[in-house]
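# Remarks on the overall topology
Spelled out from the first residue to the last, the chains are:
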Amino acid sequence: MTITHTLPGRWVEGAGLVLGPSLLIAGVLIRSGENDFFPDQLAAYAARPDEMVLSYSLFAAGVVLLWPAVTALARRIGAEHPGWARWGATLVILGLFGRVFHAGVSHLAFHLVDTLGLEAAQRAVEATYGAFHVFKAVNICIMGGWIVLAVGAYRARALGVIRCVCLALAAGLPLGVLKGSSDPISLVALAGLAVAFVPLGVEVLRDGPAPRWWVVALTIGLIPAAFFFGMSG
């Protein structure tokens, strides 16, 4: 029996393709103008904490939403070149796990400023910045996975040549804890990701019937409910 794997589904994948790059760009633009390295990122938090928390939160949410985006593209690649699809999706998603870990450490570092003060927080981060963690092993995946996925998309003709090149540019997005990612290279990398993914997301969302009204209402209602239970827990 042949089974067609469509998880997580058209709407989740389409939303990830459109919202993932969009949230990343929004997060980076909010903190634009700040130096990309941790002492200045912590100083920026001390000066305008609400903006920096919003910036890093949008970026982290965008990273999470990229995983269904990647599965959508990998499915199209896999129709012609399953090996490229498997390796590309696996490497990129491993890299996304690493970025989520970095986001968690950055969140903790910001709140060290609240607890210890700016100078003490900067010293604490400097003293522990190079500490070992298991996600160091996926650093190469964070960069290389996008290139593998782009080559697979080109070979399978899942995207046009220009959009494949744009997808590969995502490899240039800086990685690590408290990286501002607002330099021109980062903006080019994120713009490339948007060019590659957003049109595909629109195509995915249009390729089928609209969801039932109660599904939309339930989804919208679950978002604040999830925040409420998370905060109360």
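Residues numbered from 1 in each chain as written. Predicted model: local features only at pLDDT ≥ 70, side-chain atom pairs only at ≥ 80, totals over all residues. Heavy atoms only, no water.

The name an unreviewed UniProt entry assigns to the protein is DUF4386 family protein, from the organism Nonomuraea helvata.

Its boundaries defined by the atoms lining it, the largest pocket holds a volume of some 750 Å³. Lining the largest pocket we find 23 residues, and of these Ala15, Leu19, Leu65, Thr219 and Ile223 sit closest to its centre. At the level of secondary structure, the elements contributing two or more residues to the lining of the largest pocket comprise α1 (10-30), α3 (49-78) and α9 (213-232). Residue contributions to the lining of the largest pocket peak at eight residues, all from α9. Looking at the lining of the largest pocket residue by residue, the classes come out as 21 nonpolar, two polar and no charged. The calculated volume of the second largest pocket comes to roughly 380 Å³. Lining the second largest pocket are 19 residues, and of these Val105, Thr128, Tyr129, His133 and Val177 lie nearest its centre. Of all the secondary-structure elements, those providing two or more residues to the lining of the second largest pocket are α4 (82-116) and α5 (118-128). (1 Å grid on protein atoms, 1.4 Å probe; cavity = no way out; pocket = protein on both sides within 12 Å on 5 of 7 lines; lining within 4 Å. Points joined across faces, edges and corners; volume = space filled by probe spheres on them. Helix = DSSP H or I, 4+ residues; strand = E, 2+ residues; numbered from the N terminus. Nonpolar A, V, L, I, M, F, W, Y, C, P; charged D, E, K, R; others polar.)

The subject of this paragraph is α3. The end-to-end C-alpha distance of α3 is 44 Å, a good match for the 44 Å that 30 residues give at a rise of 1.5 Å each. The largest bend in α3 amounts to roughly 25 degrees and is located at Trp67, with the proline Pro68 lying one to four residues further along. (Expected span 1.5 Å × (residues − 1). Bend = angle between axes of the 7 residues up to and from the residue.)

So, about the nonpolar core. Among the nonpolar cores identified, the biggest contains 34 residues, and Leu73, Trp146, Leu149, Leu159, Leu167, Leu193 and Phe197 are the most heavily contacted of them. Counting residues per element, this core draws most heavily on α3, at nine residues. When residues no more than four places from it in sequence are discounted, the contact partners of Leu193 are Pro21, Leu24, Leu66, Trp146, Cys166, Leu167, Ala170 and Val198. Counting 13 residues, the second-largest nonpolar core is a separate cluster that includes Ala44, Phe110, Val125 and Val177. (Core = buried A, V, L, I, M, F, W, Y, C linked by side-chain atoms within 4.5 Å. Buried < 20%, exposed > 50% of the residue type's maximum accessible area, 1.4 Å probe, protein only. Contact = heavy atoms within 4.5 Å.)

This part covers the environment of Ser181. Its place among the elements puts Ser181 in the loop between α7 (161-168) and α8 (184-206). Residue Ser181 is classed as buried on the basis of its relative accessible area, which comes to 3%. Linking Ser181 and Gly27, residues 154 residues apart in sequence, is a C-alpha distance of 9.4 Å. In this structure, Ser181 is in contact with Val28, Arg31, Asp36, Leu173, Pro174 and Ser186, ignoring residues within four places of it in sequence.

Moving on, we come to unusual backbone geometry. Positioned with a positive phi, Arg157 is a non-glycine residue whose angle comes to about 55 degrees. As for its position among the elements, Arg157 is in the loop between α6 (139-155) and α7. The backbone of Leu178 shows a phi angle near 55 degrees, a positive value even though the residue is not glycine. Examined against the element boundaries, Leu178 turns out to sit in the loop between α7 and α8.

This next bit is on the environment of Phe101. Relative to the helices and strands, Phe101 is located in helix α4. For the pair formed by Phe101 and Asp50, sequence separation is 51 residues and the distance between their alpha carbons is 21 Å. Excluding its chain neighbours within four sequence positions, the residues that come into contact with Phe101 are His133 and Phe135.

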